[in-house]
Amino acid sequence: MGCAASTSTSTTSAVVDHIVVDHIVVLPVKPPVKLDFDDNLEVPSSSSEEGSNLTRSLASTSTSTSSSSSPVFRAVALAWLAEFVKKHERTTQSWDVVKEFMNEQDGGGQDAALTVTPHNLETHRDKRRAAEKAKSGKPVPVEYRDIPFEQMYTTDIVECFVRSLARKDHMSYAQAKNLPVGAPTYFISHAWGSTFVNLVESVKGALAGAAQNDTYVWLDIFAINQDDTGGVFSAMHELDDGRTLAGTIATSRATLVVLDKDRVIPLTRLWCLYEIGSTPPQKLQLVTHGFSENDVSHHIRNIDAETALCFSPADKEMIHGEITGKFGFASMKHFTEELKLRFMLRPMSYESDLQALRERGQSNEYQLDELRAHVTLTGGRLACIVGGPGEGKSSVASAALDLVHASHFFKRADVRRQDVLEMVRSLGFQLGQRFDVVRECLIDLEEDIAAKALVDPDVAVNALLVEPLKKLAKIQKHAVILLDALDEADDDRHTSNAAIGLLRHLARDVRSSVSVLVTTRPDADGDYPRRRVLEHDWEGGMRVMEPAHVLGPAPVEVEQEESRLPGPWEEAMRNMQSIKVYQIVARRFVKRYGTSLEPPADIDAAYKLWFDRAAKDDVEVRRLVDVVLASREPLSSAHVDRLRLREACERLPGWGLLFEERDHLLQTLHLSLREFLGDTKRSGEHAADVYRGHRELARSCLNVLKRGDDEKGPAVAYSLRHAHVHLTDAVEKMLHEGGDETIAIDVMREWSDAFMVEREEKEASMIPEGYEASPWCATEFAGVWLKRQMEAGRRGVLVVELLRLENALLEAKEKLADYATGLVTTVESLHACVRVLRWGVGTHSQVGVIAANVLCTSAWYQSPGQRVLSSCTPSLCIPARVDIDATILNNMNSHSLGVTSASYSADGTRIVSASDDSTVRIWDATTGACISVLEGHTGQVESASYSADGTRIVSASYDKSVRVWDATTGACLSVLEGHSSTVTSASYSADGTRIVSASCDNTIRVWNATTGACLSVLEDHTDYVSSASYSADGTRIVSASYDRSVRVWDATTGACISVLEGHSNWVTSASYSADGTRIVSSSWDNTVRVWDATTGTCISELEGHSDTVNSASYSADGTRIVSASQDSTVRVWDATTGACLSVLEGHSHEVTSASYSADGTRIVSASEDLTVRIWDATTGARLPVLVEGHSSRVRSASYSADGTRIVSASEDSTVRIWDATTGACISVLEGHSSGVSSASYSADGTRIVSASFDKTVRVWDATTGACISVLEGHSDEVRSASYSADGTRIVSASFDKTVRVWDATIGACLSVLEGHSSRVTSASYSADGTRIVSASDDHTVRIWDATTGACISVLEGHIYGVQSASYSADGTRIVSASDDKTVRVWDATTGACISVLEGHSRYVLSASYSADGTRIVSASFDRTVRVWDATTGACISVLEGHSRAVRSASYSADGTRIVSASRDKTIRVWERFDLDASSK
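A short tour of the structure in this document, coming up. None of the values given here were measured: they were computed from a predicted structure.

A few words on helix 34 (residues 714–736). With 23 residues, helix 34 extends 31 Å from end C-alpha to end C-alpha; this agrees with the ideal 33 Å at 1.5 Å per step. At His 722, helix 34 is bent by approximately 50 degrees, the largest bend along its length. Trailing helix 34 by a residue or two, Gly 738 shows a phi angle of about 70 degrees, which is positive.

With that out of the way, let us pick up the nonpolar core. Core analysis: the biggest nonpolar cluster contains 119 residues, and Leu 658, Met 748, Phe 755 and Ile 911 have the highest contact counts within it. Per-element accounting of this core gives the leading share, 9 residues, to helix 38 (residues 821–843). For Ile 911, the residues in contact, after removing those within four places along its chain, are Met 892, Ala 902, Ser 903, Tyr 904, Arg 921, Ile 922, Trp 923, Ala 925, Tyr 946, Val 1164, Val 1172 and Ile 1174. One finds Ala 75, Ile 157, Val 197 and Phe 335 within the second-largest nonpolar core, a separate group that totals 75 residues.

What follows deals with the packing of helix 34 against helix 35 (residues 741–755). The interhelical angle for the contact between helix 34 and helix 35, taken along N-to-C directions, is 150 degrees, at an axis separation of 9 Å. As helix 34 runs across helix 35, the sense of the crossing is left-handed. Residue-level contacts link Ala 723, His 724, Leu 727, Ala 730, Val 731 and Met 734 of helix 34 to Glu 741, Ala 744, Val 747, Met 748 and Trp 751 of helix 35. Split by residue class, the contact of helix 34 with helix 35 holds 9 nonpolar, 1 polar and 1 charged.

Let us now look at the pairing of strand 43 (residues 1098–1103). Looking at chain direction, strand 42 (residues 1087–1092) and strand 43 are connected through 5 bridges and run antiparallel. Note that in strand 43 the partner of Trp 1091 across the bridge is Cys 1098. Between strand 42 and strand 43, which pair antiparallel one after the other, the connecting turn spans 5 residues, and Gly 1096 there sits at a positive phi close to 80 degrees.

Looking at where His 831 falls in the secondary structure, it is placed in helix 38. In contact with His 831, other than residues within four places in its own chain, are Glu 806, Leu 809 and Leu 810.

A few words on the pairing of strand 46 (residues 1129–1134). The buried count for strand 46 comes to 6 of 6 residues, which makes it a mostly enclosed element. Burial along strand 46 is two-sided: Thr 1129, Arg 1131 and Trp 1133 facing one way and Val 1130, Val 1132 and Asp 1134 facing the other are all buried. In the sheet, strand 45 (residues 1120–1125) pairs with strand 46 via 5 bridges, with the strands oriented antiparallel. When the sheet's bridge partners are listed, Ser 1123 is paired in strand 46 with Arg 1131. In the sheet, strand 46 pairs with strand 47 (residues 1140–1145) via 5 bridges, with the strands oriented antiparallel.

What counts, and at which threshold
- Residues numbered from 1 in each chain as written.
- Predicted model: local features only at pLDDT ≥ 70, side-chain atom pairs only at ≥ 80, totals over all residues.
- Heavy atoms only, no water.
- Helix = DSSP H or I, 4+ residues; strand = E, 2+ residues; numbered from the N terminus.
- Expected span 1.5 Å × (residues − 1).
- Bend = angle between axes of the 7 residues up to and from the residue.
- Core = buried A, V, L, I, M, F, W, Y, C linked by side-chain atoms within 4.5 Å.
- Buried < 20%, exposed > 50% of the residue type's maximum accessible area, 1.4 Å probe, protein only.
- Contact = heavy atoms within 4.5 Å.
- Axes fitted to C-alpha atoms, helices over the stretch in contact; angles between N-to-C directions.
- Left-handed = near helix turned anticlockwise from the far one by under 90°.
- Nonpolar A, V, L, I, M, F, W, Y, C, P; charged D, E, K, R; others polar.
- Pairing = 2+ DSSP bridges.

Without other data, these values stay purely geometric and don't point to any function.
Structural data, given as structure tokens:
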């Protein structure tokens, strides 16, 4: 299908691209309205007092043109836009353009037309863009012929469809075609130089679920007259110097900036940036089709309004003038920085809340002078407005906005408002708008820190608030921050408060550079003690006021209005004068319905008046109320649409007041309304059925996610965050609140069907003998769901959410045991699926690693879900994983030096840790958030623990003191002094009256916990006392000492009752079981011992740790013992049998302590790696979790020449031979007396040679496994041994700095190659046997003559130790791996370094060639294997799957497989590894 040729002499795409260019869209919903006291409807002002200068100025410049003439109201219906694309899909189009600008060499300036067809379309576009950027193009006519509609850019749509009509009718396309138009719901910012079909699909995706006929999108190409007759652009007249855009943006609900994956054109065009900057932050939404967070972050950093493309000098001058003149920016640089901040921090919007508060408080008279004086004159002040529900606290907050620089409004109904990340990003953005020094500090953040600040709360607080505020203090200024409704930031259990945590941080680190205004309800019984904590942290600078003190007396007009009410109503209004929300609700009711009813006695009665007026049998309204009360944040109109409840909104009781639509979100008036509806005793028949609401949301959110929408629309974002939480809530309410079981059963079945299908038999291959494949198979949707969760940075919270769901499903399975077998199986399989998922997310940080480590017996194994998670899943894991370990639920890492101890409070809500950084920290045990930092010790803190009632903490330190702290406020209550050396431990007696401390002065001291007086000194130990603690009944004290003994003392008399001896080295800890019958001790002799507390006899010795055991303690029920060791692991033991039940691996350094929570469900560990970790202690499997295999780190793995076998070496002192196809262990070669560092086959496959830490090399028969010979001569660990190609020689490398050559038949040492100045880490032959190459910690690689032993050359270039070096098969190249994180390729003849392969983030431990020499494979401490192109040095693929350092990786002889060995005790075989690394 063709189009009429253009006859205009104007330029096209280049000029048009700046005339109207890109636009922004807003979400589909009806315009918000407000009701005044006369119930008249008014359109609210769209200006934003919290926005930038630009936003405010644009609002003031928007015109009030009527809808009949203004382009503002020519937004087209989304339904028409979708139909337009559908009508033309799979068609071809032809059109003529009179002038395009091209460089002369590309035809520019000639008279003859250029012809563009599908064959040269992209080439032509590239040339046109080059001319545009260079501004060197000359006009030339162009004929487009038979271009597929799907390949047409937006500028092509203009030329083919729009401009010809505009030239004929002299009006916009929307007017000429009489399209369905209206006021813009969304303004679309886009680039004309991108594919039009993709633009429409992106918009449709972003607005998925909106009513397409009622949603109007403003697209410049259809809304603006594109007539260019006679060279005069009608578009410029209609744009009216930007006023049309300003009016459109102000009228729209949001601006959608549509980016495309290939070219992020809107961020490089001045017109687009102008439109984006014209949009208030709360309206701005990125539509990032096909983008990752990293993609977006990269392009945001490259925004530059100064150099952004703008073809027309006049346009550029106008835009610069608007930005730096009318809109108040000091420079284009300032404007650019504001844009970057908007995109980088993505601040929350509070405008709709503020607008509502202003409307409700418009009759108030505020007295702000005292408040202003307190917070604005100096930093370090806090003003606290304390008042009951509805007394006007938030009205005061809105009135005080002129006093503050940044604000945040908490809402119990919106969990996002309680999110520290959201809060900090929003506050940081606002401060950046107000202070140049803050803005510059934020803009200058390093890219990795900025990325972490989006997902890590600790990083966000420090980078976005603390450091910028420090900069502010340097210029003698301070910021004022407002936090409204502090009480609504309490968690569900009222045990912590996100806002208080932030304020504590600010008070500690930057108090002088910030003052704070907060509003809150009074602390109630059971609440988090907000006021007491604030008074401690802001001591000397805190002032408390009531709302009435700021609101002042009621205005005269209000009193006059009240006097006109009937007597009872007048009296009720006066009695409730201080309850502002009551006033609003009651007054509006009177205006609407009169005073015929009795006046309400309180706010509940006022709400009841409205609900009594509603239809009792309106099922949809009841459903909607249920959903609103169950929702975790306000639901978008699109989401309500999906629930088919949109029309019910206007039938809600008190619509426009109690419930209203603001910012396309369904909002409630006040927290008190939700409390009313959520309490049956208060609301009676009007109470919401929250159980049903959770069911509805669990189902609807699942359906939203199953659509597979790529875009991040509000319904999709909500569903991703909360769908599984609603499922959990529904199941829990069924279990604990007697909910209808059929409701929860139905929704569980839907979730099970979405996540799993029955497994086809062909999918269940390679299951170890004795195990069965799961009958279920994880679906592609399950994999996509997990991938999106991880990409959204939700890993930390997801573990806790999934554990809660897992426990609920387990309980449901037990409760529903009598139901039909099919149902029980459904719940059982869903539970198993979630269990593995929770373990994977908790244990591994990347989806690819999760995929590689799934259980071979689970639904995830060899499933579509697993394939979604990784494009390079290993074909075989040796040995196979058949069960899960304990999961790491949280990883707290705020200490700056090693953590010496960590333990739970008795109620399990808090963890206290001690550190070498001289601080004690208190953590929220659920979220892992640091609640407070206790500072005062002047030396390393060795221990910290809670009193039994949780009100006190006691700590012990290198500074020779014991300190007692208030566990709530963090105040130091007393310092106990008396020890003459380091205090190693301190703990309370169970009744809290006594404290016992141990010291390096060889004594134990008992203190009065109230007065701090020293009551007694116990002095029989002859060396440092490492720990001391009470028995549960308080009658005994047990101590551990470096004198290798454990002592039991009478707690009253101080007499030593017994001495427990048996440990062969220092004893590091000793403690009682809860019943007092047993004592457990740990020692430097690598063991844990269990003792009879009465007789003192040793009952059992627990062996398994490979290094010093630092602590051991019982679970509360006495059935388990947990130990912490310098071998970086935590072990769980059966307290009766002494069997090791599980090994918790995850710490990267010595673990200093480990202990159980009181309920036994959690273990907390502390480590020298600076972290505190929380582990799930209930769902970790008993050992083994792997099928029989190596019991310690695997050091090497390699193929036999024929590829049928794999040989591995391990630190467990064994060599194992495996079937390379099935992964079955064929034989175990035992004989080495220490760890084996390497093992490899001879070329003919008949022999295996191994090297060991025991200083020997062993030769084995590869068939029988018999040891044929032991080669001795090295004086230190042997790190590698391998055969020459002909099998006659063996070469070995040792830490004794030598390389040895051996006769492979008789085992004689033929020569010793000396020259390296440090440990030799590897040595191997060239394929022809004439050369040997060795690697050393002396940073060099050496080449030796294999016959004479002479050193031929030394290859220098690595800056740290070299871990491996080997030849290519043709002998022309050498590849080396180093601790400097690089792989180097060398010319084997000249010794020149040919290339350096960079990409690994930690030490590279091995590198070797494929047999054909085209590839190099490397293994690294960063847990990955990388495949490289040996010629170009490009990284082809990154193989993720190992959970710890990878020690070796090598190819099979045919190059189709890679085998890797790891510290995680596994060997992995990889296929499908030759992939483009960019896909990773």
